[in-house]
Amino acid sequence: MTFEETGLKPEILKAIAEMGFENPTPIQEVTIQHLINSTQDLVALAQTGTGKTAAFGLPVINNISMQIKEVQSLILCPTRELCLQISRDLDKFSAYIPGFKTIPVYGGADITKQIRELKAGGQIVVGTPGRVHDLIRLNAPDGFFHQRCNHRLHQPYYLLCRFLFLV
């Protein structure tokens, strides 16, 4: 299988080709088409270094609508370092999609700056559970997570916005 056969948009294919991606890894072969074409849940496990970020990140970016000017996906990460790494990767994967924005939110950084970034808008939020909880508790910005994620925040690990990934 090639990335062209997965159904990814040309802008994404261009970005990953420039990054040196040639063929999907086994985890990517299983997940990309499923996540693009299905609304069914998927649990996938793979070793470190097998391309898991691309396995969920590429189809999430592919399915984002740029006509919707609000967050459509929330990705929860256990650490600040992983949050930043995933955000950087998503930025690279979406490099040729004009206006696409990933917003990392994590502890140890200025929460008021992160709230400003959320208010400015973006398509994907990548956050640590603690900082996402802080933002919910503060009802910031202006009920952001409650309004945009269909009030499902009281049901842990359910679909928030369009996609929720726990990494």
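A brief look at the structure comes next.

What counts, and at which threshold
- Residues numbered from 1 in each chain as written.
- Predicted model: local features only at pLDDT ≥ 70, side-chain atom pairs only at ≥ 80, totals over all residues.
- Heavy atoms only, no water.
- Helix = DSSP H or I, 4+ residues; strand = E, 2+ residues; numbered from the N terminus.
- Buried < 20%, exposed > 50% of the residue type's maximum accessible area, 1.4 Å probe, protein only.
- Contact = heavy atoms within 4.5 Å.
- Polar contact = N/O pair within 3.5 Å; in protein donor to acceptor, adjacent residues only side chain to side chain.
- Expected span 1.5 Å × (residues − 1).
- Axes fitted to C-alpha atoms, helices over the stretch in contact; angles between N-to-C directions.
- Parallel < 35°, antiparallel > 145°, perpendicular 65-115°, else oblique.
- Left-handed = near helix turned anticlockwise from the far one by under 90°.
- Salt bridge = Lys/Arg side-chain N within 4 Å of Asp/Glu carboxyl O.
- Right-handed = clockwise from strand over helix to strand, strands pointing away.

1. A few points about the environment of Ser94
Take Ser94: it is sitting in the loop between α4 (80-93) and β2 (102-105). On the basis of relative accessibility, which here comes to 4%, the residue Ser94 falls in the buried class. Every residue in contact with Ser94, bar those within four places of it in the chain, is listed here: Ile61 and Phe100. A polar atom in the side chain of Ser94 sits 2.8 Å from the backbone oxygen of Leu90.

2. Concerning the side chain of Arg131
Inspection of the secondary structure puts Arg131 in helix α6 (residues 129-137). If we ignore the near neighbours within four places in the chain, the residues touching Arg131 are Val105, Tyr106, Gly107, Gly108, Ala109, Asp110, Ile111 and Gln114.

3. Observations concerning helix α2 (residues 26-37)
Helix length check: α2 (twelve residues) gives 18 Å between terminal C-alpha atoms against 16 Å at 1.5 Å per residue, within 8%. Where α2 is concerned, the buried positions are Ile27, Gln28, Thr31, Ile32, His34, Leu35 and Ile36.

4. Notes on the packing of α2 against helix α3 (residues 52-63)
If you want to describe how two helices pack, look at the angle between their axes and the distance between the axes. The contact between α2 and α3 brings their axes to 8 Å, and the two run at 20 degrees. Of the possible angle classes, the one that applies to α2 and α3 is roughly parallel. Handedness of the α2/α3 crossing: right-handed. Contacts between α2 and α3 involve Ile27, Gln28, Thr31, Ile32, Leu35 and Ile36 from the former and Lys52, Ala54, Ala55, Phe56, Leu58, Pro59, Asn62 and Asn63 from the latter.

5. As for the pattern of salt bridges
Scanning the entire structure with this criterion turns up three salt bridges. Arg131 is the partner of Asp134 in a salt bridge, and the nearest nitrogen-oxygen pair spans 3.7 Å. With Asp134 and Arg131 both in helix α6 and three residues apart, the pair spans about one turn of that helix. Asp134 sits in the partly exposed class, given a relative accessible area of 23%. One salt bridge connects Arg137 with Asp134, and the closest N-O pair in it is separated by 3.4 Å. With Arg137 and Asp134 both in helix α6, this residue pair falls three residues apart, about one helical turn. Assessed through its relative accessible area of 55%, Arg137 is described here as exposed.

6. Let's talk about the pairing of β2
The side chains of a regular strand alternate between the sheet's two faces. Where burial is concerned, the two faces of β2 agree: the one with Thr102 and Pro104 and the one with Ile103 and Val105 are both buried. Handedness of the crossover joining β2 and strand β3 (residues 124-127) through helix α5 (residues 111-120): right-handed.

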